[in-house]
Amino acid sequence: MRLLLTTDAIGGVWQYSLDLAGALAEQGVETVLVQLGPPPSDAQRAEAEATAGVTFIESGLPLDWLSDGPAPVLAAGAEVSRLARLHGVDLVQLNMPTLAAAAAPGVPVLAVTHGCVSTWWQHARPGVPLDPGFHWHRALTEQGLRAADRVIAPSAGYAEVIRGYYGLPTLPAVVHNGRAPLVTPKGEPVQDCVLTVGRLWDSVKGAELLDTVAARLPVPFHAAGAATGPHGETVRLENLHLLGQLDSAALARRLAARPVFVSAACFEPFGLAVLEAAAAGCALVLADIPVFRELWGDVALFVPPRDADAYRTAIERLIGDLPLRRMLGDAAADLARRYTPVRMADAMLPLYRQLLAEPAPAGKVAA
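Residues numbered from 1 in each chain as written. Predicted model: local features only at pLDDT ≥ 70, side-chain atom pairs only at ≥ 80, totals over all residues. Heavy atoms only, no water.

Looking only at helices and strands, the protein chain has 13 helices and 13 strands in total. Considered along the principal axes of its C-alpha atoms, the protein chain spans approximately 65 × 45 × 40 Å. Per-residue burial over the protein chain gives 53% buried out of 367 residues. Residue pairs in contact within the protein chain that sit at least 24 positions apart in sequence constitute 69% of those at least 6 positions apart. For the protein chain, the centre of its 29 positive side-chain charges and the centre of its 37 negative side-chain charges are spaced 3 Å apart. (Helix = DSSP H or I, 4+ residues; strand = E, 2+ residues; numbered from the N terminus. Buried < 20%, exposed > 50% of the residue type's maximum accessible area, 1.4 Å probe, protein only. Contact = heavy atoms within 4.5 Å. Lys, Arg positive; Asp, Glu negative; His and termini not counted. Charge placed at Lys NZ, Arg CZ, Asp CG, Glu CD.)

Printed below as a string of structure tokens:
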């Protein structure tokens, strides 16, 4: 089987794509990995080129959420279709569903929804209507979701959000993301360390709230990730110890200390950073949102997403109770074994095979 898989170098989709491609290669699937958006770093490029079974293409095509209108995205969908035909793939997986609105590769198309502007907006600005400047994006996302032969979501909670928001006739299939552990849990947790990881500039991640929490803690609270967004979004953080953007090796060194890991995200389709921390044996303090309950319900301390006092209380409880911290960290590491690249690939392969076995509907044949 030969698969075309789209990705970008900005967020978690990059790691998702490489982990999936690597696991699929072990089962005989070749992947043409088409990167959209800003170019990857040298380290990312080397990582992609070293992944078994991958043909890596830097397309220069735009990302939808960095575009000003539908025309560039529709053109990108058409170009991805051309690349699919050029490389003779059997199947196309689009990790940006808007591309499916214009995709006609002549093979089945599967769209994976890792998040979208409109559902993000609901949680970032509750009660505020979607900015008219994003109406085109909402329309194109719905078109793509309806045009794809299958739609996949990384969690049941987000699948429900997508079906409800876009009025889809069927619930997207759920395939949880997978991640190989960055570090194996060993030794005692370090007692005086707290960590959060994510897009700090993104208001749904709660960095400003955690900055307030950090000011009230007797221990250092570290934060890894970008504090400035691609549109110039910034966040003022005075109490968190900013680490900047960490590569996998640097993050592994941080996680090896088994810090208390905190996510205050009020919206999260999955949360790869939480998985990385859990796999390292970190005790988790998480926002009480449906997706986190779905994935980590038995092994984390949950707090109301916007309650700074509740976060401080939960963190201090773990810092002051090493046996509880060790127990929750070990339980998180055990549960994280459910979410591996191999299991993700094992769940995706039957969906690929089902699509390949179905007769092509009218309009799906390449011109």
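Read on for the rest.
In terms of burial, helix α9 (residues 272-279) is largely enclosed, as seven of its eight residues are buried. Among all positions of α9, only L272, V274, L275, E276, A277, A278 and A279 are buried. Where α9 is buried, its residues touch α1 (12-25), α8 (248-255), β11 (260-263), β12 (284-287), α10 (290-296) and α12 (322-336). One or two residues past the end of α9 sits G281, with phi positive at roughly 85°.

The next subject is the packing of aromatic side chains. One pass over the full model with this rule turns up seven aromatic pairs. Measuring from ring centre to ring centre gives 4.9 Å for Y165 and Y166, while their planes differ by 75°; the resulting arrangement is edge-to-face. Following the ring pairs from residue to residue traces out a cluster consisting of W120, W121 and F134. The ring of W121 has R125 lying over it, and the distance from NZ or CZ to the ring centre is 4.5 Å. (Phe/Tyr/Trp six-rings, centres within 6.5 Å; stacked < 30°, edge-to-face > 60°. Lys NZ or Arg CZ within 6 Å of the ring centre and 35° of its normal.)

So, about the sheet that holds strand β1 (residues 2-8). With parallel pairing, seven strands are arranged side by side in an open sheet as β3-β2-β1-β4-β5-β6-β7. The open sheet has two free edges, formed respectively by β3 (54-58) and β7 (173-174), since each of these has just one partner strand. Relative to β3, strand β2 (residues 30-36) runs parallel, the two sharing five bridges. Bridge pairing links V34 to I57 in β3. (Pairing = 2+ DSSP bridges.)

What follows deals with the environment of L74. In this structure, L74 sits in helix α3 (residues 70-86). Since its relative accessible area comes to 32%, L74 is described here as partly exposed. Sequence-wise, L74 and P305 are 231 residues apart; in three dimensions their C-alpha atoms are separated by 37 Å. When neighbours within four sequence positions are excluded, L74 is seen to be in contact with A101, A102 and L140.

Scanning all chains against the criterion turns up zero disulfides. C116 takes part in no disulfide bond, and the closest cysteine sulfur, belonging to C266, lies 14 Å away. We classify C266 as buried; its relative accessible area is 12%. (Disulfide = S-S within 2.5 Å.)

For the coordinates displayed, the defined rule picks out 19 salt bridges. Note that R45 is salt-bridged to D42, the shortest N-O span being 3.0 Å. You can see R45 and its partner D42 sitting in helix α2 (residues 42-50), three residues apart, about one turn around the helix. The class of R45 is partly exposed, set by a relative accessible area of 22%. Classification of D42 by relative accessible area gives exposed; the value is 63%. (Salt bridge = Lys/Arg side-chain N within 4 Å of Asp/Glu carboxyl O.)

On to the pairing of strand β5 (residues 109-112). Residues in a regular strand project their side chains so that they alternate between the two faces of the sheet. Of the two faces of β5, the one carrying V109 and A111 and the one carrying L110 and V112 are both buried. As judged from the three bridges shared by strand β4 (residues 91-94) and β5, these two strands associate in the parallel manner. In the sheet register, V92 faces β5, and the bridge partner there is V109. In this sheet, strand β6 (residues 150-153) lies alongside β5 in parallel orientation, the contact comprising three bridges. Paired with A111 across the bridge in β6 is V151.

Another aspect to go through is the nonpolar core. With 60 residues, the main nonpolar core has F221, L284, V285, W296 and Y311 as its most contacted residues. Ranked by residue count, the leading element in this core is helix α11 (residues 308-319), at seven residues. Every residue in contact with V285, bar those within four places of it in the chain, is listed here: V260, F261, V262, S263, L301, V303, Y311, A314, I315 and L318. Counting 42 residues, the second largest nonpolar core, distinct from the first, contains V73, M96, W121 and V204. (Core = buried A, V, L, I, M, F, W, Y, C linked by side-chain atoms within 4.5 Å.)

Here α9 crosses α12 at 115°, and the two axes come no closer than 7 Å. The interaxial crossing formed by α9 with α12 has left-handed handedness. Contacts from L275, A278 and A279 in α9 reach G329, A332, A333 and A336 in α12. Here the residues of the contact of α9 with α12 are counted per class, giving six nonpolar, one polar and no charged. (Axes fitted to C-alpha atoms, helices over the stretch in contact; angles between N-to-C directions. Left-handed = near helix turned anticlockwise from the far one by under 90°. Nonpolar A, V, L, I, M, F, W, Y, C, P; charged D, E, K, R; others polar.)

Structurally, S118 can be placed in helix α4 (residues 117-124). The exposure class of S118 is buried, given its relative accessible area of 1%.

For the rest of this paragraph, the subject is the side chain of Q93. Structurally, Q93 is set in strand β4. A distance of 2.6 Å separates the side chain of Q93 from the side chain of Y352, its partner in a polar contact. In this structure Q93 touches L3, L4, L5, T6, Y16, L20, L110, V112, M348 and Y352, once residues within four positions along its chain are discounted. (Polar contact = N/O pair within 3.5 Å; in protein donor to acceptor, adjacent residues only side chain to side chain.)

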